[in-house]
Amino acid sequence: QVQLVESGGGLVQPGGSLRLSCTASGSTFFSIYAMGWYRQAPGKQRELVASIFHSETTNYADSVKGRFTISRDNAKKTVYLAMNSLKPEDTAVYYCNTSPPNWGWGQGTQVSVSS
């Protein structure tokens, strides 16, 4: 059973930055999986915003391209999301999981962008 724990969210002003972390524990073969960061805004479906493959190739949703950077540390079983130039529309609960999602969801971390 894999557990995912996300952290690093908070309240920031537009244009601000945050760095999210997600660590997997339990029995995993973390390094072989493509990992993704997802977000869910109130009243909206969860969406994939960034993914990173075991080769470290990355993909981004158009809405975050050029502002967000996904990275991973396989030794720590951790995936990161550096978020810059944050906008109010980035407000959501952020989750990580494999891409596509295969594991149970963690509790997520709230990101709120507001002046």
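The notes below deal with the structure included here. As the structure is a computational prediction, the values presented were derived from the model and not from experiment.

Remarks on the sheet that holds strand β10 (residues 109-113)
Turning to step 1, where the next piece is worked out: With mixed pairing, 6 strands are arranged side by side in an open sheet as β2-β10-β9-β4-β5-β6. Unpaired on one side and paired on the other, β2 (10-12) and β6 (58-60) mark the two borders of the sheet. Averaged over all pairs of adjacent strands, the angle between strand axes in this sheet comes to 25°, irrespective of strand direction.
Turning to step 2, where the next piece is worked out: Where strand β5 (residues 47-52) and β6 come together, 3 bridges link them in antiparallel fashion. Bridging across to β6, Ile-52 finds its partner in Thr-58.

A word on the pairing of strand β8 (residues 78-83)
Side chains on a regular strand alternate between the two faces of the sheet.
Turning to step 1, where the next piece is worked out: Of all 6 residues making up β8, 5 are buried, and the element is well covered by its neighbours.
Turning to step 2, where the next piece is worked out: Summarising the sheet, strand β3 (residues 18-25) and β8 pair through 6 bridges and their orientation is antiparallel. When the bridges of β8 are listed, Cys-22 appears paired with Val-79.
Turning to step 3, where the next piece is worked out: When strand β7 (residues 68-73) meets β8, the two strands line up antiparallel, connected through 6 bridges.

Parameters and conventions
Residues numbered from 1 in each chain as written. Predicted model: local features only at pLDDT ≥ 70, side-chain atom pairs only at ≥ 80, totals over all residues. Heavy atoms only, no water. Pairing = 2+ DSSP bridges. Helix = DSSP H or I, 4+ residues; strand = E, 2+ residues; numbered from the N terminus. Axes fitted to C-alpha atoms, helices over the stretch in contact; angles between N-to-C directions. Buried < 20%, exposed > 50% of the residue type's maximum accessible area, 1.4 Å probe, protein only.

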